[in-house]
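# Summary of the model geometry
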Amino acid sequence: MVPVLRADRLTKTVGVGRAARRVLDEVSLSVEADEVVAILGRSGSGKSTLLHLLGGLDSPDAGEIILGDDRLTGRSARALARIRLRHVGFVFQQFQLIEELSGAENVLMPTRLPGAPAGGERRAAKLLDELGLADVADHLPHELSGGEQQRFAFARALVNGPKVVLADEPTGSLDAENGAAVLELLRGLTGRAVVIVTHEPDAAAIADRILQLADGNLVTESSTRGDSIAGRARSVVAWRPDP
């Protein structure tokens, strides 16, 4: 099977001069549709840097990234923005909802950008219903619980039907109950590749594969396929993008 997302020999250095540090050293990975991959590592290990490269938010010093039929490396900022809009969904630890907009307006925002696929309002309504947010859709972010805010952020990430969902410490700002619910949502996605970066082994346990990032390298790999948490989560939300 051809992977949805492939990265080959990514290298990235941060800082300059004596403060320069190579956080990624020829890192390679691939993720298929219907697969959840977790990248586990301590704070400062380069997890978020890798996620930003995979989503076209930053460029590597060397290496190549392919998303579907699109090569991300070497593309203009405008081309990358269009690819992100249509094919990448981001879920962040800090929900990054716009405080002046209601939950529903936050979800709809990506659908109203130039180049967004048609049918955004229909997809947004479907997501809000499936995620149990319809009754609070008109609330502002400060009127919502942490779990509700993260679910709105989750809906916003999915609303344009992305091929890839990238989650950066998605449970870091949540209590145990809401964190588990968000992990179940991620595990229950179908028809797309999912990459989670986290320092929490419990969060990584929902993945099909766990990659350990240390000293700039993916040093170990394990499989959790069949894990009981993942098995339960598969039945929660099986939302698939429209053709």
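### Examining the overall build of the protein chain
For the protein chain, the helix and strand inventory stands at 8 helices and 10 strands. Radius of gyration (C-alpha) of the protein chain: 17 Å, near the 18 Å computed for a compact globule of 243 residues. Referenced to the eigenvectors of the C-alpha coordinate spread, the extents of the protein chain come out at roughly 50 × 40 × 40 Å. Considering the protein chain as a whole, with its 243 residues, one finds that 50% of them fall into the buried category. Of the contacts formed within the protein chain by residues at least 6 apart in sequence, a portion of 71% connects residues at least 24 apart. For the protein chain, the exposed surface amounts to about 11300 Å²; the carbon and sulfur share of it is 49%. Averaging the coordinates of the 28 positive side-chain charges in the protein chain and doing the same for the 33 negative ones gives two points 7 Å apart.

### Focus: helix α6 (residues 176-187)
Under the 1.5 Å per step criterion, the end-to-end length of α6 is 16 Å for 12 residues, consistent within 8% with the ideal 16 Å. The complete set of buried residues in α6 reads G179, V182, L183, L185, L186 and R187.

### Describing the pairing of strand β2 (residues 21-31)
For a regular strand, side-chain orientation follows a simple rule: the groups alternate between the two sheet faces. Bridging between strand β1 (residues 5-14) and β2 involves 7 bridges; their strand directions are antiparallel. In the sheet register, R6 faces β2, and the bridge partner there is S30. Counting the residues in the hairpin turn of β1 and β2 gives 6 residues, including G15, whose phi is positive at 80°.

### Here's the deal with the sheet that holds strand β4 (residues 62-67)
Here 4 strands make up an open sheet; going across it, the order is β2-β1-β4-β5 and the pairing antiparallel. Strands at the two margins of the open sheet, each flanked by one partner only, are β2 and β5 (70-71). Packing of helix α1 (residues 47-54) onto the sheet brings it into contact with β1, β2 and β4, and relative to β1 it is tilted by some 125°.

Rules used throughout
- Residues numbered from 1 in each chain as written.
- Predicted model: local features only at pLDDT ≥ 70, side-chain atom pairs only at ≥ 80, totals over all residues.
- Heavy atoms only, no water.
- Helix = DSSP H or I, 4+ residues; strand = E, 2+ residues; numbered from the N terminus.
- Rg over C-alpha atoms; globule rule 2.2 N^0.38 Å.
- Buried < 20%, exposed > 50% of the residue type's maximum accessible area, 1.4 Å probe, protein only.
- Contact = heavy atoms within 4.5 Å.
- Areas by Shrake-Rupley, 256 points an atom, 1.4 Å probe, with all protein chains shown as cover.
- Lys, Arg positive; Asp, Glu negative; His and termini not counted.
- Charge placed at Lys NZ, Arg CZ, Asp CG, Glu CD.
- Expected span 1.5 Å × (residues − 1).
- Pairing = 2+ DSSP bridges.
- Axes fitted to C-alpha atoms, helices over the stretch in contact; angles between N-to-C directions.

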